Amino acid sequence: MTTNIRPLLVELLTEELPPKALQKLGQAFAEGVRATLQRHGLLAEGCAVQAFSTPRRLAVYLSAVLAQAPDQAYAEKLMPVKIGLTEDGKATPALQKKLAAKGLDNIDLATLERESDGKQDYLVARGTAPGAQLAAGLQEGIDAAIDGLPIPKVMRYQLADGVTTVKFVRPAHGLVALFGADVVPVTALGLTAGRDTLGHRFMSSGAVSFADADAYAATLAEKGHVVASFEGRRDEIQRQLLDHAGRLSATLGDDPEVAALLDEVTALVEHPTVYVGQFEEQFLQVPQECLILTMRLNQKYFPLFDPATGRLTHRFLIVSNMHTDNPVNIVEGNQRVVRPRLADAQFFFETDRKTPLAARVEQLGSIVYHNKLGTQLERVERVRAIARDVAGKLGSDVTAADRAALLAKADLGSNMVGEFPELQGIMGAYYAAGDGEPDSVVQALRNQYRNRYDAPVTQDGLTAAALFIAERAETLVGIWAIGLAPTGERDPFGLRRAALGLISAFEQLAAGGWLKLNQDGPLSLDGLLAATAATFPAGKIPAETLAEVRTFIYERYRNQLINDHDRNAVEAVIALTPPLHQVAERVRAAAAFAQLPEAASLAAANKRIGNLLKKAEGEIGAVNDAALVEPAEKALAAAIAALRPQAEAQRAAGDFAANLRTLAQAREPVDAFFADIMVMADDPAVRANRLALLGQLHTLMNQVADISRLAQ
């Protein structure tokens, strides 16, 4: 090949790839090729990269690639002169071996330079090496891309020669590598590159041949009936879905599962076409969550909803991999498939309704929660005790909280949850409502598995909050106590999620007025964890567990807050581990304080005070006002006395921002004190009195946050 710039196209044709991993596989394949070519200097300036992925192919297009990289200057530090050259200037065997290993066998020894590292002279070979050839660089890039794919599960298969075995996510059947119109002689997984591929399994006839790299996407679409771009297929599917939904005066719904399903079906089809299906309206008597789940999870259909009520309709959308002018067979075939599943859901629901939810509680005694923590029934008893305690502290209905906790796991023995574990809690709420349980109990069952609270807790929602908090506290303490704390990315029992859920409940209890910023309780994290530990058998919870769980929760809170707030403000508040329901407001106050002109000076002074107090010998005593003789220390004492009443009143009222603004007034006397006063005086009495004065200031300044953290 002559040195020039052309587009490059590489495609690996495979059997059906894992749909949930497809987009990542496509991106990783493209990046693996791009990164290797970039490293070898084979990408021209402004080269654009596009990844392609369909159920049966991974491909990458690069708009500007060099046939050969520019020559590269090199400098090879070889070895010390005294080792590389003999006394008469000839190469020693060690140097000859080194030169051979570097491909410099024929180099003229006279061209070797000598450089000193300050201790001895070294031989250095300098020159210009020819740039990498595309074929070699691309071969390395394809190998690296395949090796670096985030493959969920590797399979081994034998090649056509009956001898060679290769490993890949799925068997590969074709390789295309085009540099402009020329085939690049590379191989992969036993395949030799060409310019032909296969199109759609049913809509394409024969091989699809590409004239050049630029023709890839258009030729594959026109002759192969394949939309190569993952994003292009997803956009087209979404357009068709919205078009059909609009013409039917319906919506797709707004829950996150819609987007996840869209990604999944995009990875299942190469030529998407959307059709409308329907089922008998009698099935709508079944809880809609059951029908929605079976359509989305099992059939990959998009249920349609009434935009006015949000209720499920009897129509759904099918994303087919086949376009036809007469889709009757496709639609009817899908309707025949979904009907038995809906009938099963109807049967499960009607059968479950014959047994009251409360009558299922006893079955929990035969369901193991964890072999070190007993059965689900034993767990229910613990959650009941915690829920009663939480409800009592919130002034809520203790009886309702106890009832909700009793019934919370009863639906685990139902037919519907046995078929669809994702419906835990949701089905319990339906069955409880059918049994005539109080609305507060039904709401608690329905909301127990939500990830977090995102709205203020109302009077009607207190029972649900009590159950939500109790379940997460029991999980955190119990699972942590048996040595299953999260490690790295592993968190099989969802303790991180439980901690964040608990935090959100405290936040929204405060937002609803049940926990006040000027009070540490009535519900506190320490009290909750202690009450939780008391529900386990004696000796089951190691002594260090509660402290570790408490630290874990505050650490999760810190990580969450840093996403939206100034890191130093968050660190300053979390350092004090204040009541959970006060943390967010304290962070906002600390962030506002940090913007004041006085903040930097006071934060630095506070940090200095902390270091001085650590050096104090023994207890920090009370200030002896009579022993304050220097003007600067008298002024500081007067400032503390003047500011303390107002600052403490603001702190007691929960007005954290006002508290910090008041304390900002201490800047001048604090600065003057450190400018004029030697704190660590030789006289022990003077030194102790000045440390006591700083101790007062330190306590006053750190009521809301550790101000010294703002100086970091």
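Residues numbered from 1 in each chain as written. Predicted model: local features only at pLDDT ≥ 70, side-chain atom pairs only at ≥ 80, totals over all residues. Heavy atoms only, no water.

**Here we look at the packing of helix H18 (residues 545–562) against helix H19 (residues 567–574)**
- Two numbers describe how H18 lies on H19: the axes approach to 9 Å, and their chain directions differ by 160 degrees. When the axes of H18 and H19 are compared, the pair comes out roughly antiparallel. In the packing of H18 onto H19, the handedness of the crossing is right-handed. On H19, the residues touching Tyr554, Tyr557, Arg558, Leu561 and Ile562 of H18 are Arg567, Val570, Glu571 and Ile574.
- Along the lines of polarity and charge, the residues of the contact of H18 with H19 split into 6 nonpolar, no polar and 3 charged. (Axes fitted to C-alpha atoms, helices over the stretch in contact; angles between N-to-C directions. Helix = DSSP H or I, 4+ residues; strand = E, 2+ residues; numbered from the N terminus. Parallel < 35°, antiparallel > 145°, perpendicular 65-115°, else oblique. Left-handed = near helix turned anticlockwise from the far one by under 90°. Contact = heavy atoms within 4.5 Å. Nonpolar A, V, L, I, M, F, W, Y, C, P; charged D, E, K, R; others polar.)

**What to know about the UniProt feature "domain: DALR anticodon binding" (unreviewed entry) in the chain**
- When the UniProt feature table is mapped to this numbering, "domain: DALR anticodon binding" (unreviewed entry) covers residues 604–703.
- Annotated as residues 604–703, this span is 69% helix and 0% strand, and its ends, taken at the C-alpha atoms, are 17 Å apart. (UniProt positions renumbered as here; feature names shortened; annotations may be inferred.)

**Points about helix H4 (residues 134–147)**
- Taking 1.5 Å per residue as the helical rise, H4 with its 14 residues ought to reach 20 Å, and the 19 Å between its terminal C-alpha atoms agrees with that figure.
- Listed in full, the buried residues belonging to H4 are Leu134, Gly137, Leu138, Gln139, Gly141, Ile142, Ala145 and Ile146.
- Those residues of H4 that are buried lie in contact with strand S1 (5–14), helix H1 (22–39), strand S3 (57–66), strand S8 (165–168), strand S9 (172–179) and strand S11 (187–188). (Expected span 1.5 Å × (residues − 1). Buried < 20%, exposed > 50% of the residue type's maximum accessible area, 1.4 Å probe, protein only.)

**Things to note about the domain arrangement of the chain**
- When cut into domains, the chain gives domain 1 (5–69 + 134–223), domain 2 (72–129), domain 3 (230–353), domain 4 (358–563) and domain 5 (586–710).
- Just the C-alpha atoms count here: the centres of domain 1 and domain 3 sit 34 Å apart.
- On the side of domain 3, 13 residues touch domain 1, which itself brings 14 residues to the contact.
- For the pairing of domain 1 and domain 3, the buried interface totals around 1200 Å² over both sides, and the portion due to carbon and sulfur atoms is 57%.
- Contact with domain 3 buries area across many residues of domain 1, yet Gln23, His200 and Met203 alone supply 41% of it, more than any other trio.
- Counting the contacts that link domain 1 with domain 3 gives 2 salt bridges.
- Measuring nitrogen to oxygen at the nearest pair gives 3.9 Å for the salt bridge that ties Arg56 to Glu270. (Domains from an automatic or database assignment. Buried area = accessible area lost by both parts, 1.4 Å probe. Salt bridge = Lys/Arg side-chain N within 4 Å of Asp/Glu carboxyl O.)

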